[in-house]
Amino acid sequence: MRLTGGTMTLTFAAARQVPDLSGRFTLDVSAWSVSVPPDAPATWQVRTVAESVPV
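As a starting point, this report considers the structure included with it. (Residues numbered from 1 in each chain as written. Predicted model: local features only at pLDDT ≥ 70, side-chain atom pairs only at ≥ 80, totals over all residues. Heavy atoms only, no water.)

Re the pairing of strand E3 (residues 25–36)
Turning to step 1, where the next piece is worked out: Across 12 bridges, the pairing between strand E2 (residues 7–19) and E3 is antiparallel. Bridge assignment links Arg16 to a residue of E3, and that residue is Asp28.
Turning to step 2, where the next piece is worked out: Two successive antiparallel strands, E2 and E3, enclose a turn made up of 5 residues, where Gly23 displays a positive phi of approximately 95°.
Turning to step 3, where the next piece is worked out: Strand direction decides the pairing type here: E3 and strand E4 (residues 43–54), joined by 9 bridges, are antiparallel. Bridge pairing in E4 links Ala31 to Arg47.
Turning to step 4, where the next piece is worked out: Two successive antiparallel strands, E3 and E4, enclose a turn made up of 6 residues. (Pairing = 2+ DSSP bridges. Helix = DSSP H or I, 4+ residues; strand = E, 2+ residues; numbered from the N terminus.)

So, in structure tokens, the structure goes:
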């Protein structure tokens, strides 16, 4: 978490396991960021880091 000029920004990563048709799993990883200014709605950003990585 970071606080800059009254705006709080939180960054984190999320992972999701997805089964494929053969029953094996792949992994999707995303990087998220949410900024919350004191006088406006929150804004979200997401970026794909990795997609369909076999596990």
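Regarding the sheet that holds strand E1 (residues 2–4)
Two orientations exist for strands paired in a sheet by backbone hydrogen bonds: parallel and antiparallel.
Turning to step 1, where the next piece is worked out: The antiparallel open sheet is built from 4 strands, whose spatial order is E1-E2-E3-E4. Looking along the sheet, the strands with just one partner apiece sit at the ends: E1 and E4. The average undirected angle you get between the axes of adjacent strands in this sheet is 20°. (Axes fitted to C-alpha atoms, helices over the stretch in contact; angles between N-to-C directions.)

Notes on the packing of aromatic side chains
Turning to step 1, where the next piece is worked out: All chains considered together, the criterion is met by 2 aromatic pairs.
Turning to step 2, where the next piece is worked out: Aromatic pair Phe12 and Trp32: ring centres 6.3 Å apart, planes at 5°, arrangement stacked. Placement of Phe12 in strand E2 and of Trp32 in strand E3 is noted, with a sequence separation of 20 residues between them.
Turning to step 3, where the next piece is worked out: Their ring planes at 85° and their centres at 6.0 Å tell us that Trp32 and Trp44 sit as a pair that is edge-to-face. (Phe/Tyr/Trp six-rings, centres within 6.5 Å; stacked < 30°, edge-to-face > 60°.)

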